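# Coordinates in review
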Amino acid sequence: VDTIHPHPTMSEALLEAGRLAESIELIQVTERAGTVLTNETFSDYRGEDYERVLCHTLAALNFLALGDLQAAQVECRRAEEVHKKIRALREGPDRLNAFALYLSGLCYELAGQPNDALIDYKACWELAPGFPPLPDHLLSLTKRLGMSQEHKEWKTRFGRDAAPVPPGTGEVVVLLEAGLAPRKLPGGVLGILPRLERVPALTASGRLLVDEVPAADTQVLNDVADWAEATHRERETLLLAKRAAILAGKELIAHQVEERHGDLWGWATRFFLYSLEKPDLRHWRTLPASFQACRVRVAAGTHALLLQPVDPAGAPAAEPVLFPAVEVAEGRVVVLIARSVQ
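Residues numbered from 1 in each chain as written. Predicted model: local features only at pLDDT ≥ 70, side-chain atom pairs only at ≥ 80, totals over all residues. Heavy atoms only, no water.

## A short note on the nonpolar core
Leu61, Leu64, Leu103, Tyr121, Leu175, Leu221 and Val335 are the most contacted members of the largest nonpolar core, which totals 51 residues. By residue number, the principal contributor to this core is helix H2 (residues 49-65), which donates nine residues. Apart from residues no more than four positions distant in its own chain, Leu103 is found in contact with Thr57, Ala60, Leu61, Leu64, Cys76 and Leu175. Within the second largest apolar cluster, 18 residues are counted, among which are Leu208, Ala216, Val296 and Leu307. (Core = buried A, V, L, I, M, F, W, Y, C linked by side-chain atoms within 4.5 Å. Buried < 20%, exposed > 50% of the residue type's maximum accessible area, 1.4 Å probe, protein only. Helix = DSSP H or I, 4+ residues; strand = E, 2+ residues; numbered from the N terminus. Contact = heavy atoms within 4.5 Å.)

Right under this line is the structure:
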């Protein structure tokens with residue numbers, strides 16, 4: 001596995017963040033009202049649902065960049081476990097992460113575990129059937145594993161068999177983190193509730209050029225911006241109920257002070273308590289707006305690879321990332337991990 005930008009210290013930070021998130025009790029549907037005398041920013045930040053899951057997804061990406069497939073596989077499994085725990089406490093549709101499933105399948109494939117790779121690629125197909133590499137993955141793996149009936153079913157569905165593998169070739173996989181996830185800003189009545197605002201982005205996808213020849217464009221496998229907005233909509237009613245309970249608690253305290261010490265002290269208490277009101281705007285500011293991927297087969301040898309961020313019209317959107325001399329061995333997979341915040 002060949003990658004760019006491995007960060008050993010980032011792995012440690014992400015693992016610690018994951019441990020801290022797991023140590024804090026998951027928010028129940030009937031969450032507590034919170035800290036009445038102050039505001040929610042004085043309490044532990046549990047993290048949004050998608051932040052908890054993506055903490056492990058990004059740790060897996062970083063371990064993959066470091067060439068530690070076993071650690072990457074562990075983090076992929078942890079992402080799935082955290083996701084299942086969260087969904088067990090939530091109502092509404094299940095938003096699985098197609099990128100995490102593809103990443104997990106890729107790690108199993110690179111580790112020489114085709115059975116596990118097939119399981120994750122099949123799950124990814126259910127969420128992202130338009131992702132071009134998946135048909136060949138499913139066809140070639142079922143054939144390799146001797147699953148004749150399932151292989152036949154996939155052939156019928158795709159109308160073809162797996163594309164033949166030309167001799168003297170290898171593969172390049174690009175994993176792209178694009179843009180920035182939505183940010184939290186003050187909103188609602190009196191500005192005491194958080195609202196989400198999308199961060200404008202120029203990059204819609206990344207175009208991979210091999211020796212100056214366009215080879216493939218990355219496709220979105222996980223739209224974090226959509227996930228964040230859906231999570232926020234699901235919790236809006238709960239947030240309103242919490243704020244109402246907190247305001248009612250503060251009003252009760254002010255009323256009690258008023259009865260014991262008079263109107264002046266009551267209004268002073270009320271003013272002080274309400275002056276502490278502020279929305280909880282904590283969030284993971286550096287998360288990407290989307291996780292994307294592409295996969296292409298190239299001739300074995302040394303290649304100049306360039307990843308050009310492009311806008312929805314296909315025009316260059318940011319400075320390209322150049323990999324001037326990437327060695328691709330026959331039958332091997334080179335993984336390039338890139339980040340674009342524009």
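## A closer look at the confidence of the model for the chain
Mean pLDDT over the chain stands at 83; residues scoring 70 or higher make up 80%. Within the model, the stretch residues 1-5 combines pLDDT values under 50 with 22 contacts to residues more than four positions away or in other chains. Predicted confidence is poor over residues 26-34, with pLDDT under 50, and the contacts of this stretch with residues over four places away or in other chains come to 20 contacts. (pLDDT = per-residue confidence, 0-100.)

## Comments concerning the sheet that holds strand S8 (residues 301-310)
Overall, antiparallel pairing links the four strands, which are arranged S5-S4-S8-S9 in an open sheet. Across the chains shown, the open sheet's two edge strands, defined by having one partner strand only, are strand S5 (213-217) and strand S9 (321-328). Here the average twist between neighbouring strands, direction ignored, is 30 degrees. Here strand S4 (residues 205-210) runs beside S8; their pairing, made up of six bridges, is antiparallel. Across the sheet, residue Leu208 finds its bridge partner in S8, namely Leu307. (Pairing = 2+ DSSP bridges. Axes fitted to C-alpha atoms, helices over the stretch in contact; angles between N-to-C directions.)

## Things to note about the packing of aromatic side chains
Enumeration according to the criterion identifies seven aromatic pairs in this entry. Seen from their ring centres, Tyr102 and Tyr121 are 5.3 Å apart, and the 40 degrees between their planes marks the pair as tilted. Highlighted residues: Tyr102 in helix H4 (residues 98-110) and Tyr121 in helix H5 (residues 114-127), separated in sequence by 19 residues. For the ring pair Trp125 and Phe158, a centre distance of 5.1 Å and an interplane angle of 85 degrees mean the geometry is edge-to-face. Note that Trp125 is positioned in helix H5 and Phe158 in helix H7 (residues 148-158), a separation of 33 residues in sequence. The exposure class of Trp125 is buried, given its relative accessible area of 11%. On the basis of relative accessible area, Phe158 is assigned to the buried category, the value being 19%. Of the aromatic side chains, those joined through ring pairs into one cluster are Tyr102, Tyr121 and Phe131. (Phe/Tyr/Trp six-rings, centres within 6.5 Å; stacked < 30°, edge-to-face > 60°.)

## Some words on the sheet that holds strand S6 (residues 219-223)
Reading across the sheet, the four strands line up as S6-S7-S1-S10 and stay open at both edges, with mixed pairing between neighbours. This sheet does not close on itself; its edge strands, each paired only once, are S6 and strand S10 (333-340). On average, each strand axis in the sheet is tilted by 20 degrees relative to the strand beside it, whichever way the strands run. The sheet contact formed by S6 and strand S7 (residues 290-299) spans four bridges and is antiparallel. Its bridge partner lying in S7, Asp223 is registered against Ser290. H4 contacts strand S1 (169-178), S6, S7 and S10 of the sheet and is inclined by roughly 35 degrees relative to S7.

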